[in-house]
Amino acid sequence: MPARFLFIFVRPQSDPGNKMLWKSLIALCVIGVALAEQTPVFIWGANSPSKPSLRTVPQAEFQEQLATLLKDHMVVAFVENGLSNRDFMCTNAEAKSCYAQLQGVSPKTYYTSVENPAEALRAAAQKREHNSIDANGQLVHPIKCEVGSAVVVSFEDHADSRASTLQSHDNAIAAISKQLDCNVAYLYMAAPSTAPTVQRRVRRWTAAETTGYRFIEGNQFQITFTNVMYNTQPLTVSGMSLSNSTPPSNKFSVSLATDTGKPITFDISYSSVDGYYTLSNAAYDGQNFRTPGVNAPTTFSYACGNTTWYTPTVQNKFNKMTWSSLQLQAPFSAKAKENFIFGDSWDCVGFVTPGILMGLFVVVILLVIVFLGLCWMMDIKTMDRFDDPKGKTITINASAE
């Protein structure tokens, strides 16, 4: 009996691999555009080219413009959390602009949309410094005029309303601008979305400050901890003394007296490049200890629940010093109060741990798989031609071999 076969004819399609590649490229472009930050930028103190208000200034173009300014200017960038075009239309209770001071500056240029302005400034300036303005509208650290350098200034206070916050920042910017007697180009722009927001709040004493050791030296340095051990030997700390370096005082030495008669010593130094203080050169009983990562901004206190410092390994042997509930801070500011309390904690545990990175990596892989699966499913086409049952049947004789 002759065998009957049903043949389905499908219209030839273009290479599905190329179509999927184009879809992937389009999706990546959309994701890239979504991740790019487009925020307003207000520039004054230097002549800047005007841009169409409906056009977004690309990051590369803005970076080149900043590089030109840095050739004969110092750039001071004030970064405002959540700044938008709507904020520039802000008015206070008296129906006056929240930016009464900035309205009177000249020359000035306003860009409604700039792509990643903070990243453009970071790439354009070879020398950068971070500073902040306290609740009194004063700089935490004085700014030194230097052509070619960039200073990023953030705000630490949080007022009750958005209007009062912007108005106080406007007054602080105007006061600081008058203090700089050099060729400065000022920027007022939005803080990056990844930048940490400093929130001031009423602070309670930690366990180390109430039940452990607490030593403070005026407005220069403070340290607290609940316990310190050298290898397995607990140490009792009875006092603290400081010795300053020669002016300018950007470094001092700390000595903690112990019951063994051998002090624990280390140095605290301040870097004007990034605004951080760092603990280094730790020593005890003739042993030098490594202290990696013991640093923090001057407005923060370094804190670590449990940390261990190790000596270099010699013949497979090393010594260690273990601290429990360690917290310390060196403001390096004449404006700091006597017997100051700790600022917000800068914890030794990183924000991104290996576990988080592994989780993000797995999520990215799953998203790629889902994306490819959706692309393949969208490439499935319905059959558009079938065998005609009214036409002549295709018959193929089959015989057993």
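You'll find the structure just up there.
Residues numbered from 1 in each chain as written. Predicted model: local features only at pLDDT ≥ 70, side-chain atom pairs only at ≥ 80, totals over all residues. Heavy atoms only, no water.

**Points about the packing of aromatic side chains**
Describing an aromatic ring pair means giving the distance of the ring centres and the angle of the ring planes.
Move 1: By the definition in use, this model includes 26 aromatic pairs.
Move 2: Plain terms: the ring middles of Phe78 and Tyr186 are 6.4 Å apart, the flat faces sit at 15° to each other, and that makes the pair stacked. Of this pair, Phe78 sits in strand 3 (residues 74-80) while Tyr186 is found in strand 7 (residues 184-190), placing the two residues 108 residues apart along the sequence. Each member of the pair, Phe78 together with Tyr186, is buried.
Move 3: Among the aromatic residues, those joined into a cluster by ring pairs are Tyr213, Phe215, Phe221, Phe225, Phe252, Phe266, Tyr270, Trp309, Trp323 and Phe332. (Phe/Tyr/Trp six-rings, centres within 6.5 Å; stacked < 30°, edge-to-face > 60°. Helix = DSSP H or I, 4+ residues; strand = E, 2+ residues; numbered from the N terminus. Buried < 20%, exposed > 50% of the residue type's maximum accessible area, 1.4 Å probe, protein only.)

**Overview of the pairing of strand 19 (residues 320-329)**
Move 1: In terms of residue burial, strand 19 counts as a mostly covered element, since eight of its 10 residues are buried.
Move 2: Two strands pair when backbone bridges link them, and strand 9 (residues 221-225) and strand 19 are joined in this way by three bridges, in the antiparallel orientation. Across the sheet, residue Thr224 finds its bridge partner in strand 19, namely Gln327.
Move 3: Sheet topology note: the strand 10 (residues 227-230)/strand 19 ladder contains four bridges and is antiparallel. Directly across from Val228, in strand 19, lies its bridge partner Trp323.
Move 4: Sheet topology places strand 18 (residues 301-310) next to strand 19; eight bridges connect them, and they run antiparallel. Across the sheet, the residue bridging to Thr307 is Trp323, located in strand 19. (Pairing = 2+ DSSP bridges.)

**Here we look at unusual backbone geometry**
Move 1: Note that the residue after Ser106, namely Pro107, is joined by a cis bond; omega there is -10°.
Move 2: By secondary structure assignment, the location of Pro107 is in the loop between strand 3 and strand 4 (108-115).
Move 3: A positive phi angle, near 55°, is found at Asn231, a position not held by glycine.
Move 4: Take Asn231: it is sitting in the loop between strand 10 and strand 11 (233-235).
Move 5: The exposure class of Asn231 is partly exposed, given its relative accessible area of 25%.

**Re the side chain of Asn131**
Move 1: You can see Asn131 is positioned in strand 5 (residues 127-133).
Move 2: Apart from the residues lying within four places of it in its own chain, the contact partners of Asn131 are Leu139, Val140, His141, Pro142, Ile143, Val151, Val152, Val153 and Ser154. (Contact = heavy atoms within 4.5 Å.)

**Regarding the nonpolar core**
Move 1: Counting 32 residues, the largest nonpolar core has Phe221, Ile223, Leu256, Phe266 and Ile268 as its most contacted members.
Move 2: If we skip the residues at most four places from it in the chain, Ile223 touches Tyr213, Arg214, Phe215, Met240, Leu256, Phe266, Leu326, Gln327, Leu328 and Phe342.
Move 3: The next biggest cluster of nonpolar side chains, apart from the first, holds 26 residues, and it includes Phe42, Val105, Val184 and Tyr188. (Core = buried A, V, L, I, M, F, W, Y, C linked by side-chain atoms within 4.5 Å.)

**Some words on the sheet that holds strand 2 (residues 38-44)**
Move 1: Here we have six strands laid out as an open sheet, ordered 4-2-7-3-6-5, and mixed in their pairing. For this open sheet the edge positions go to strand 4 and strand 5, each flanked by a neighbour on one side alone. Each strand axis lies, on average, 20° off the axis of its neighbour in the sheet, ignoring direction.
Move 2: Relative to strand 6 (residues 149-155), strand 5 runs parallel, the two sharing seven bridges. When the sheet's bridge partners are listed, Arg128 is paired in strand 6 with Ala150.
Move 3: Set on the sheet, helix 2 (residues 59-70) makes contact with strand 2, strand 3, strand 4, strand 6 and strand 7; between it and strand 4 the angle comes to about 145°.
Move 4: Against the sheet, helix 4 (residues 162-179) engages strand 2, strand 3, strand 5, strand 6 and strand 7, with an angle of about 165° to strand 3. (Axes fitted to C-alpha atoms, helices over the stretch in contact; angles between N-to-C directions.)

Function cannot be inferred from these measures alone, as they are strictly geometric.
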